[in-house]
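Topology and contacts: notes
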Amino acid sequence: MGLPRVIPSRKQSFASVGRFVSPMVGRADIIWAMSQRRPPAVILLGEAGIGKTRLLLEARDLDDRGNTIFVGCHPGAALLPMDPLLALVRALRRSGRISQAVCDSAVGSAERDRLWFVRDAIEAGIGGQRLTFQIDDLHFADTASLDALRYCIDRLQDLPASWHLAARAGGGKIERFASDLERLGLATAITVEPLSAEEMRELAASLAPIALAEPDLSRLVDRTGGNPLYAELLLSGGDIAGREIPRNLRTELRERLGNLDGPEKVIAGWLAVHRGSLPQGALAALTRLSPGQVLASLASLTDCGIILRSAEGYSFRHELVRDACYEVLEESTRAGYHATLAERSEDGWQKAGH
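Residues numbered from 1 in each chain as written. Predicted model: local features only at pLDDT ≥ 70, side-chain atom pairs only at ≥ 80, totals over all residues. Heavy atoms only, no water.

Right, let's talk about the overall build of the protein chain for a bit. When you go through the protein chain residue by residue, the secondary structure sums to 18 helices and seven strands. Sorting the 354 residues of the protein chain into buried and exposed places 49% on the buried side. Accessible area of the protein chain: about 16,500 Å², with a carbon and sulfur share of 52%. (Helix = DSSP H or I, 4+ residues; strand = E, 2+ residues; numbered from the N terminus. Buried < 20%, exposed > 50% of the residue type's maximum accessible area, 1.4 Å probe, protein only. Areas by Shrake-Rupley, 256 points an atom, 1.4 Å probe, with all protein chains shown as cover.)

Take a look at the structure:
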C-alpha cells in the first residue's frame, strides 16, 4: 500500500513547510499543563519520536501574540558551556526585545561573569510582559548549561516568564535536573507516554487513505509500541505487516541505536537476536557482564523506552527498534549469538530458528 503522504522529519515545523499535519492525538492534558504559568517550567521527557517537539510546536501555535522564544540544543555544541542560554539571548535580540549592547555584553563576557550577564539579558528581554522560553533537545546540553538554566529559572521565577523544556529520557543528568526543579517547586516534569492502542487507531485513521483492517491496526501497535513518529513513517512507507522497514524510518531507528554504547549495546544485541524476553540472570550469563553492569544497563535502556520489563524478563518495546538493532549487528557477532542461543535452547522450534 503506497500512501501519497510526505511526512516531515521530527525536527521540522509541519506548519512552516505547508505539508500534511497529522492530528494531535491523546495529548490534550499535556497541552493544558503547558498553558499554565505556575510552576514556571514544564519539562517534557520521553523517547525519540514520542512527540515532544510537536508538543512545543502546538504550544507555540496557541501563542497568538508571538511571545514565545524557541531554540534547540545541538550535539555539536554539547561542549560549549551555556550555549542554549546564549542562543536565547541572541533570539531575544533578533526579536527586538533587547538591544545589541545588552546582547554583546552577555555573549562577549568573560566566562566567569557570563551567567550574570545572561540572566540580566533574559530579565531585560522579559521586560514585564508574559514570555515563554522553549528549549528543545535539552539532553544535548552539558552540565554547566543545565546548572545555568536552573539558576535562571530560579532567579527569574517572580517575572511573567514560562519555560518549556524537552529532552529524551535516560542518561541521569536530565532526570536529576528535572528532579531538582520539581523539588524546588519550579517545574512540572511530564513523561510523554506512548499512545494507547485506541489512540493509535485514531492516528492511523487520519494517516491511511483507506481504513485499515483490525489485524493491520494491531500489527501497527505491535510494531511501533505506540510511538507516533514511527507510525507516521511506517504508514508513509506503506508496509505494516512486512519486515521491510522504510528507508526514512530506518534512518531514524539507526540514529537512535547509534547512541547505545558499551554494555547497553551488547545487551540490546542479545535481545535482538533472541527476539523474545530474557531474564536478568540469563543476560548476565550471555553477556558475561557483572550483575551491576547488567542492572545499570537494563535501567538505562528501560528509561530510554527501548526495552520493557515483564514477568518473563526484558524485551524490546518496539518490534521496529529490535529489527533495526538486528540489522546493524556485524554478521560474525550475529552468527555467534545465534549459535550460543541455539545451544542453550531446549525448545526445538527456537533451536531451529537460531
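A separate point is unusual backbone geometry. Here the residue pair Arg-38 and Pro-39 is connected by a cis peptide bond, since its omega of 0° sits within 30 degrees of zero. If you trace the backbone, Pro-39 turns up in the loop between helix H2 (28-35) and strand E1 (41-46). The residue Met-82 is not glycine, and still its phi comes out positive at about 65°. Position of Met-82 among the secondary structure elements: in the loop between strand E2 (68-72) and helix H4 (83-94). In this model, Arg-288 sits at a positive phi of 60°, which is unusual for a non-glycine residue.

Right, let's get into the pattern of salt bridges. Counted by the stated rule, this structure contains 17 salt bridges. Of the charged contacts, one joins Asp-120 and Arg-119 as a salt bridge, the two residues approaching to 3.1 Å between their closest N and O atoms. Taking the relative accessible area as the measure of exposure, Asp-120 reaches 36% and is therefore partly exposed. Arg-119 gets classed as partly exposed once you look at its relative accessible area, which sits at 22%. Look at the salt bridges and you will find they share partners, linking Arg-219, Arg-223, Arg-275, Glu-319, Arg-322 and Asp-323 into a network. (Salt bridge = Lys/Arg side-chain N within 4 Å of Asp/Glu carboxyl O.)

One finds Leu-249, Leu-253, Ile-267, Leu-283 and Phe-316 to be the most contacted residues of the largest nonpolar core, which totals 46 residues. The next biggest cluster of nonpolar side chains, apart from the first, holds 44 residues, and it includes Leu-88, Ala-106, Ala-121 and Phe-177. (Core = buried A, V, L, I, M, F, W, Y, C linked by side-chain atoms within 4.5 Å.)

Ordered in space as E2-E3-E4-E1-E5, the five strands form an open sheet in which the pairing is parallel. Every interior strand has two partners, whereas the edge strands, E2 and strand E5 (187-191), have only one. Along the sheet, successive strands turn relative to each other by an average axial angle of 15°, direction set aside. Strand direction decides the pairing type here: E1 and strand E4 (residues 161-168), joined by six bridges, are parallel. Bridging from a neighbouring strand, Val-42 pairs with His-164 of E4. (Pairing = 2+ DSSP bridges. Axes fitted to C-alpha atoms, helices over the stretch in contact; angles between N-to-C directions.)

Our next topic: H4. Taking 1.5 Å of rise per residue, twelve residues should cover 16 Å, and H4 covers 16 Å from first to last C-alpha, within 8% of that figure. For H4, a buried count of nine out of twelve residues is recorded, marking the element as mostly surrounded by other parts of the structure. For H4, every residue scored as buried is listed here: Asp-83, Pro-84, Leu-85, Leu-86, Ala-87, Leu-88, Val-89, Ala-91 and Leu-92. Where H4 is buried, its residues meet E2, helix H5 (100-107), helix H6 (114-126), strand E3 (131-136), helix H7 (143-155) and E4. Looking one or two residues past H4, Gly-96 carries a phi angle of roughly 80°, positive in sign. (Expected span 1.5 Å × (residues − 1). Contact = heavy atoms within 4.5 Å.)

Attention now moves to helix H8 (residues 173-183). Because each turn of an α-helix spans 3.6 residues, side chains separated by three or four positions end up pointing in the same direction. Those residues of H8 lying buried are Ile-174, Phe-177, Ala-178 and Leu-181. All buried residues of H8 project into a common sector of 95° when viewed along the axis, lining one side. Exposed residues on H8 whose side chains face more than 90 degrees from its buried face are Arg-176 and Arg-183. Residues of H8 that are buried make contact with E1, H7, E4 and E5. Of the residues trailing H8, Gly-185 is marked for its positive phi of about 75°. (Arc of directions from axis to C-beta.)

Following the sequence through the fold, Ala-197 ends up in helix H9 (residues 197-207). The partly exposed category is assigned to Ala-197, whose relative accessible area is 36%. Remark: the alpha-carbon pair of Ala-197 and Leu-220, spanning 23 residues in sequence, is separated by 9.2 Å.

A few words now on the pairing of E1. Burial of E1 is extensive: six of the six residues sit out of reach of the surface. By the alternation rule, side chains of E1 split into Ala-41, Ile-43 and Leu-45 and Val-42, Leu-44 and Gly-46, which are all buried. Alignment of E1 against E5, held across five bridges, turns out to be parallel. Within E5, the residue paired with Val-42 across the bridge is Thr-188.

That's the geometry; what it means functionally is another story.
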